[in-house]
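# Geometric and topological summary
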Amino acid sequence: MNNGNRNGEQNGLEELADSLALRVQELRSNGLVKNTEALLNLDYTSQAAQAPFLFDIAGGVLHRNGCNAIPNGSRSTLYALPELREGDEKLACPICRPQSAPQPKVQAESASDLVFGIISFVDQFSSILRERGKQYRHSHRKKPLVARIEKLISWLRPFRTGVRKIIGE
Amino acid sequence: MISDHSAHFFANGANRNGFGKCAPDTAWQPSEAIASEIDGLMKRYRKSADENLRPLFDKYCPSLRATPESAEYRKLIELTAKMQMVGHACTEIAGFRFDRRRQRIGCLFGACCFLGDNFFDDYGEAASREYIRRLELFLTNGWFEIGNEREKVFYIVLSRLFFERDVFQPMLRQGLCSLFQAQKLDAELSLDGERFHPLSRPQKLSLLRNCARDKSGHAITVLALFLVPQISLAHHHLLYQTGSLISCIDDFGDYYLDLALRKVTYMNQVKRPAKVLARIFQETLTLLETHFSPSHGRELLKGFLYRYFTTRLRKHHNERGRHDAAKTVYE
């Protein structure tokens, strides 16, 4: 495939993803989801409380969670870490001396959460999606979209096996 | 622990005279080869910024490019070119190649920062508060109310950026939230000045200094994580300090503009800002020299910081005494 085709295909996919992203936001503005329902939550506060390590990125010091030697001015520069990597111990706080050891698992979002998130959307809005699908089937916009979707599906093919494993198919 | 700042590679202290003229009074400066390479890279990254962002803005926010010489669009390109330059250095320091994909990520992140700053700073108090609320909702719920084309392009830029990496990676998501918190505090320091009146002057300066540190510190952390998710903690710390320096250089350049806008920053509150900045510059470059292994990436980063410092020194000098709030375009 030459560069021009690849770029064209990439642009097409990006525009498709843009439209999807914009449509997803319309779900809320059109009142199709409740204000309390979250689409994506990046806040890590609750997981951070359980994390075994805190890295003071400004001071360059790695602490155990709860270490008294963490300076007050570093409250805004702490990153909670669920585990250590090779070399991290060089930055260890001399007071609390954090060490790598088997840690209780911090609950982490994973690909399966995303998959189940998508499934929950499809489940919740299946009737609307079906109706939209019927309308689309008869619209003049169908043809170019079908071609794009076929490309998208072929692009997604390598992930299919992984997704099947995640949902336990 | 990284604590040894004793290896001074500056023959003469930069803080001896401060910066009364338009060149940093430091003994260190980049080699001619590095300076010339950075010059070429900046030209290349301006072009790359335009190529990556023009189609996006043409489609979703044409008003920002209303005229070919639009100052706003030029500012966007300059910021994005710098973001790529810093991203290039970070990527090489971590042992990777700053390829086309990473350039694209750098462009998206540059556009995201440009628009985010614009929302916080440019539409008055009520709008700033409203954007704080909406961005908080976006980070904690994923919902973003799109009211105009600038908000639309911001949302599209964010969604494309989020598509590039796993945004649930613990450090990346914390970086994004911490960056927002630092921006929020920065805005509140100007919006709710009375809240900070009870603080003593040293307490206020410490708060402003930390705010400046965290704004660009978390920003460079997020950029580095988008570019090289596996970057080491030791490198993160050094890049954070680099971000802190960038923030001070930036605020020194915007000194008169910020005063005109009644925006409070560490740089416009501290006595003898030029001297303070010279000290921070020297300390940061010593830290990078001492703790990063010798590499081309490290030299690019130091060379870029020197260049950025020089341009903002010139800006500060040129804009001395101005009282208007018009924005000027500098590299």
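Residues numbered from 1 in each chain as written. Chains lettered and ligands numbered in written order. Predicted model: local features only at pLDDT ≥ 70, side-chain atom pairs only at ≥ 80, totals over all residues. Heavy atoms only, no water.

## Let's talk about the overall build of chain A
The condition that has to hold: Only DSSP runs of H or I with at least four residues qualify as helices, and only runs of E with at least two residues qualify as strands; both kinds are numbered from the N terminus onward. Burial classes: relative accessible area under 20% of the type maximum marks a residue as buried, over 50% as exposed, and values in between as partly exposed (1.4 Å probe, protein chains only). It only takes one pair of heavy atoms within 4.5 Å for two residues to be counted as in contact. A 1.4 Å probe and the Shrake-Rupley method give the accessible areas. Residues count as covered only by the protein chains that appear here.
Helix and strand content of chain A: 5 helices and 3 strands. When the helices and strands of chain A are listed from N to C terminus, the series reads α-α-β-β-β-α-α-α. Within the span of chain A, comprising 169 residues, buried residues form 28% of the whole. Intrachain contacts of chain A at a sequence separation of at least 6 include 62% that bridge at least 24 residues. About 11600 Å² of surface is accessible on chain A, with carbon and sulfur atoms providing 54% of the total.

## Let's talk about helix H1 (residues 32–60) of chain B
Residue and element names in this part refer to chain B. Note the cut-off: To estimate the expected span of a helix, count its residues, drop one, and scale the result by 1.5 Å. At every residue, the bend is computed as the angle between two fitted axes, covering the seven residues ending there and the seven beginning there respectively.
In this model H1 runs 41 Å from its N-terminal to its C-terminal C-alpha over 29 residues, within 8% of the 42 Å that 1.5 Å per residue would give. A bend of about 35 degrees at Leu53 is the largest found in H1, and the proline Pro55 appears one to four places after it. Of the residues making up H1, those classed as buried are Ile34, Ile38, Leu41, Met42, Tyr45, Ser48, Ala49, Leu53, Leu56, Phe57 and Tyr60.

## Section: the confidence of the model for chain B
When pLDDT is low, close inspection of the predicted coordinates is not appropriate. Residue and element names in this part refer to chain B. Cut-off, in case you're wondering: Per residue, pLDDT captures the predictor's confidence, and it can take any value from 0 to 100.
Summing up the model confidence of chain B, the mean pLDDT is 89 and the portion of residues at 70 or higher is 91%. Mean pLDDT across the elements of chain B bottoms out in helix H9 (residues 255–260) (91) and peaks in helix H8 (residues 233–253) (97). The model gives residues 1–20 a pLDDT under 50, and that stretch makes 53 contacts with residues more than four places away or in other chains. Under the prediction, the complex receives an ipTM of 0.89, its pTM being 0.83.

## What to know about the packing of helix H2 (residues 71–93) of chain B against helix H12 (residues 296–318) of chain B
Residue and element names in this part refer to chain B. Quick note on the threshold: Fitting a line to C-alpha atoms yields each axis, with helices limited to the stretch in contact; the angle taken between N-to-C directions then spans 0 to 180 degrees. Note on angle classes: values under 35 degrees are labelled roughly parallel, values over 145 roughly antiparallel, values of 65 to 115 roughly perpendicular, and the remainder oblique. Crossings are assigned a handedness: left-handed for a near helix turned anticlockwise from the far helix by less than a right angle, right-handed for a clockwise turn. Throughout, the ten residues Ala, Val, Leu, Ile, Met, Phe, Trp, Tyr, Cys and Pro are labelled nonpolar, Asp, Glu, Lys and Arg are labelled charged, and all others, Gly among them, are labelled polar.
Across the interface, H2 lies against H12 with an axial gap of 7 Å and an inter-helix angle of 155 degrees. On the basis of their axis angle, the class for H2 and H12 is roughly antiparallel. Two packed elements cross with a definite hand, and for H2 against H12 that hand is left-handed. Along the contact surface, H2 presents Lys82, Met85, Val86, His88, Ala89, Glu92 and Ile93, while H12 presents His296, Gly297, Arg298, Leu300, Leu301, Phe304, Tyr308 and Arg312. Considered class by class, the residues forming the contact of H2 with H12 number 8 nonpolar, 3 polar and 4 charged.

## Description of the environment of Gly106 of chain B
As for its placement among the helices and strands, Gly106 of chain B is situated in helix H3 (residues 100–121). Every residue in contact with Gly106 of chain B, bar those within four places of it in the chain, is listed here: Thr80, Met83, Gln84, Leu223 and Leu227 of chain B.

## Some thoughts on the interface of chain A and chain B
Applied cut-off: A 1.4 Å probe defines the accessible area here, and the buried area is the portion of it lost by two parts on being joined, summed over both. We define a salt bridge as a side-chain nitrogen of Lys or Arg found within 4 Å of a carboxyl oxygen belonging to Asp or Glu.
Contacts between the two partners involve 45 residues from chain A and, on the opposite side, 46 residues from chain B. Buried surface at the junction of chain A and chain B, both sides included, amounts to about 3900 Å², of which 60% is carbon and sulfur. Counting every contact that joins chain A to chain B gives 4 salt bridges. With a shortest N-O distance of 3.5 Å, Arg28 of chain A and Glu145 of chain B are connected by a salt bridge.

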